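Chains, contacts and geometry: an overview
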Amino acid sequence: MRKIFIILLSILSFQSICLAQGSLIINWQLLDKEVRAGSETLLILTLINPGKSAIKTIELNISAPEYISLSDNYIKIEKLNPNSSQQIPIIIKVDPKAISKITYITIKTTYFLDSTQEETTINVPIIIKRIPIILIEDISYEPSLIEPGNFVQLKFNLKNYGDSSAKDIRVLLTQISNIFVAKTSEIFIREIQPGQKIPISFNLTINPRVEAGTYLIPISIYYLDETKTENYSSTKNIGLIISGKYNFLVTLESQDILLPGKKGFVTIKVINAGTQEAKFVSLKFLKSENFRIFPELVYIGNLKSDDYTTEKFEFEIGKEVKPGNYFLKIELSYKDLYGKDLKEEHEINIKVYSPSQISEKDFRLLTILLIILAIIFLIYILYKAKAKK
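Numbering of residues starts from 1 in each chain and follows the order in which that chain's sequence is written. For this predicted model, a pLDDT threshold of at least 70 governs which residues receive local features, and a threshold of 80 or more governs which side-chain atom pairs are given and counted, while totals over whole chains, interfaces and linings are taken from all residues. The basis for every side-chain value is the complete set of heavy atoms in the structure, and neither hydrogens nor water enter the calculation.

What follows covers the packing of aromatic side chains. Geometry of aromatic contacts follows a simple scheme: Phe, Tyr and Trp rings, the Trp one being its six-membered ring, pair when their centres are within 6.5 Å, and the pair is stacked under 30 degrees between planes, edge-to-face over 60, tilted otherwise. A full pass over the atoms with the stated rule returns nine aromatic pairs. Each ring, one from Phe285 and one from Phe315, has its centre 5.5 Å from the other, and the planes form 90°; the classification is edge-to-face. Of this pair, Phe285 sits in strand E21 (residues 278–285) while Phe315 sits in strand E24 (residues 307–317); the two residues are 30 residues apart in sequence, bridging distant segments of the chain. Categorising residues by exposure relies on relative accessible area from a 1.4 Å probe, with only protein chains included: less than 20% of the type maximum marks a residue as buried, more than 50% marks it as exposed, and the intermediate range marks it as partly exposed. The exposure class of Phe315 is buried, given its relative accessible area of 0%. Taken together, a centroid distance of 5.5 Å and an interplanar angle of 85° make the contact between Phe291 and Tyr326 edge-to-face. Strands here are runs of E lasting at least two residues and helices are runs of H or I lasting at least four, both read from the DSSP assignment and numbered beginning at the N terminus.

Okay, structure coming up:
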């Protein structure tokens, strides 16, 4: 049936069909074989007088069907001389609300040839076409950072950019078992009207053994036009970026004895205990009222998996700071392998001493040192005594 329709369409649109009544020949030709709803086309009528007598008082009454409007409904030509012709252009406008169908413009022509009135009628077929155009847009993943073993929701919208409703839409997701498994791989939608947007989502389970990288998920769409006579389909590959896991450990490696009003150094250790290299890593202490920290920001660079680095910061302790433990926040910034900016906050414990604590500490250290020296001396005496025997 569809082949017959296409053959008919070609005949109607690309060939001039002639109709002779007496000695008046009427040819017609359409600029477009199909006319979209809300658009226009041009109908060209050619009147030919191949005879030896003039044709007089030619009147054309043109009737337009539903959804069609014409630039002229009535045309009168007083005289068409022998062996001459005349072209008449007529603009055809199609209503935006027109449905897909084949309709006809009727042209009734009367004229006088040698005082005899003649009449003829022709029908010009107009093929009105509305086309659905379904596109995938607004693609996103939840969560946005996808790691092996994650449960992920793939979201996107289907929007109809055409002028026809799409019917019986099937959305198919191609499963790739070594990368992910989908809970369902097909979604059916009965209709999407022109301009309408429909949200779609698929639940995916990422293979826990999949390697970090960029993968493509084929999404295929199959649908019909509003008359359910035309089939349409398209496939779009959606990118899926899988990242390795990041697990940073930020600890206090060492600190000087910090006193109020004094300066000292603190060493921070950063360990990448994750499975993926971090790029453009930087470390920054967040502002604190009790300490001035130099430098404020340290650039580390790239930090591979199972690697670490240590960074030294100078602390200036405020004079009014009381001795005790202080928890300071550190911001760790980095990029993943795909250039996505990531940030983490960590916390370390800094201890501020008082001068009296330092004196007690020194006394205890001295006592311990003396005990150690006494033990060493006693061992030495015993060794000498044993050697004399």
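What follows continues from the structure just given.
Below, the discussion takes up the sheet that holds E24. Spatially, E19-E20-E24-E22 is the arrangement adopted by the four strands of the open sheet, whose pairing is antiparallel. A strand with exactly one partner marks an edge of an open sheet, and here the two such strands are strand E19 (248–255) and strand E22 (291–294). Here the strands of the sheet are splayed against their neighbours by 30° on average, with no regard to which way each runs. Any two strands with at least two DSSP-identified bridges between them are counted as paired. Summarising the sheet, E22 and E24 pair through four bridges and their orientation is antiparallel. Of the residues in E24, the one forming a bridge with Ile293 is Phe315. The convention used is that axes are lines fitted to C-alpha atoms, helices contributing only their stretch in contact, and that angles between N-to-C directions extend from 0 to 180 degrees.

What follows concerns the environment of Val124. Looking at the element boundaries, Val124 is found in strand E10 (residues 116–129). Val124 gets classed as buried once you look at its relative accessible area, which sits at 0%. Along the backbone, Val124 and Thr103 are 21 residues apart, and their C-alpha atoms lie at a distance of 8.4 Å. For Val124, the residues in contact, after removing those within four places along its chain, are Trp28, Leu30, Leu43, Thr103, Tyr104, Ile105 and Ile107. For this analysis, residues touch if any pair of their heavy atoms sits within 4.5 Å.

Looking now at the pairing of strand E5 (residues 55–63). Judged from the six bridges that link them, E5 and strand E7 (residues 74–80) form a sheet pairing that is antiparallel. Residue pairing for E7: Lys56 is matched across the bridge by Lys79. Pairing between E5 and strand E9 (residues 101–113): seven bridges, direction antiparallel. The residue of E9 that forms the bridge with Ile62 is Ile107.

Turning our attention to the nonpolar core. For our purposes a nonpolar core is just a set of buried Ala, Val, Leu, Ile, Met, Phe, Trp, Tyr and Cys residues, chained together by side-chain atoms within 4.5 Å. In terms of nonpolar packing, the biggest core is built from 32 residues, with Phe156 and Leu158 touching the most fellow members. Secondary structure elements with two or more residues in this core: strand E11 (134–142), strand E12 (151–160), strand E13 (166–173), strand E14 (180–182), strand E15 (186–192), strand E16 (197–206), strand E17 (213–224) and strand E18 (231–242). If you tally residues by element for this core, the top one is E16, at five residues. By size, the runner-up hydrophobic cluster in this structure holds 31 residues, among which are Val35, Leu70, Ile105 and Tyr111.

Strand order across the open sheet formed by five strands is E3-E10-E9-E5-E7, with mixed pairing between neighbours. Where the open sheet ends on each side, the last strands, each with one partner, are strand E3 (35–36) and E7.

Attention shifts here to the pattern of salt bridges. Definition used for salt bridges: Asp or Glu carboxyl oxygen within 4 Å of a side-chain nitrogen of Lys or Arg. Applying the stated rule across the entire model yields 13 salt bridges. Where Glu119 meets Lys108, a salt bridge forms, and the shortest distance between an N and an O atom there is 3.9 Å. With Glu119 in strand E10 and Lys108 in strand E9, the pair connects residues that are eleven residues apart, well separated along the chain. Salt bridges here are not isolated pairs; linked through shared partners, they connect Glu137, Asp138 and Lys197.

On to the pairing of E21. Every other side chain in a regular strand lies on the same face of the sheet, so the side chains alternate between the two faces. Relative to strand E23 (residues 297–303), E21 runs antiparallel, the two being bridged by five bridges. Paired with Ala278 across the bridge in E23 is Leu303. Relative to strand E25 (residues 324–335), E21 is paired through five bridges, and the arrangement is antiparallel. Bridged to Phe285 within E25 is Ile330.

Among the structural elements, Ser100 can be located in the loop between strand E8 (84–94) and E9. The term polar contact refers here to a pair of N or O atoms within 3.5 Å; inside protein, the definition further demands a hydrogen-donor-capable atom paired with an acceptor-capable atom, and it admits residues adjacent in sequence only when both atoms are side-chain atoms. A polar contact of 2.9 Å, which involves the side chain of Ser100, links it to the backbone nitrogen of Arg130. Not counting the four nearest positions on each side in its chain, Ser100 is found in contact with Ile128, Lys129, Arg130, Glu226 and Thr227.

What follows is about unusual backbone geometry. Put simply, Glu142 and Pro143 share a cis peptide bond, and its omega is 5°. By secondary structure assignment, the location of Pro143 is in the loop between E11 and E12. Its identity is not glycine, yet Tyr67 carries a phi of approximately 75°, on the positive side. With respect to the secondary-structure elements, Tyr67 resides in the loop between E5 and strand E6 (68–70).

Another aspect to go through is the environment of Leu258. When you line up the elements, Leu258 lands in the loop between E19 and strand E20 (263–272). Assessed through its relative accessible area of 0%, Leu258 is described here as buried. Along the backbone, Leu258 and Ile350 are 92 residues apart, and their C-alpha atoms lie at a distance of 8.8 Å. Setting aside anything within four residues of it in sequence, one finds Leu258 in contact with Gly264, Phe265, Val266, Ile317, Ile350, Lys351, Val352 and Tyr353.

Before going further, it helps to examine the environment of Lys279. Considering the arrangement of structural elements, one finds Lys279 in strand E21. Linking Lys279 and Tyr334, residues 55 residues apart in sequence, is a C-alpha distance of 5.7 Å. Once you skip the residues sitting within four places of it in the chain, Lys279 turns out to touch Gly301, Asn302, Tyr334, Lys335 and Leu337.

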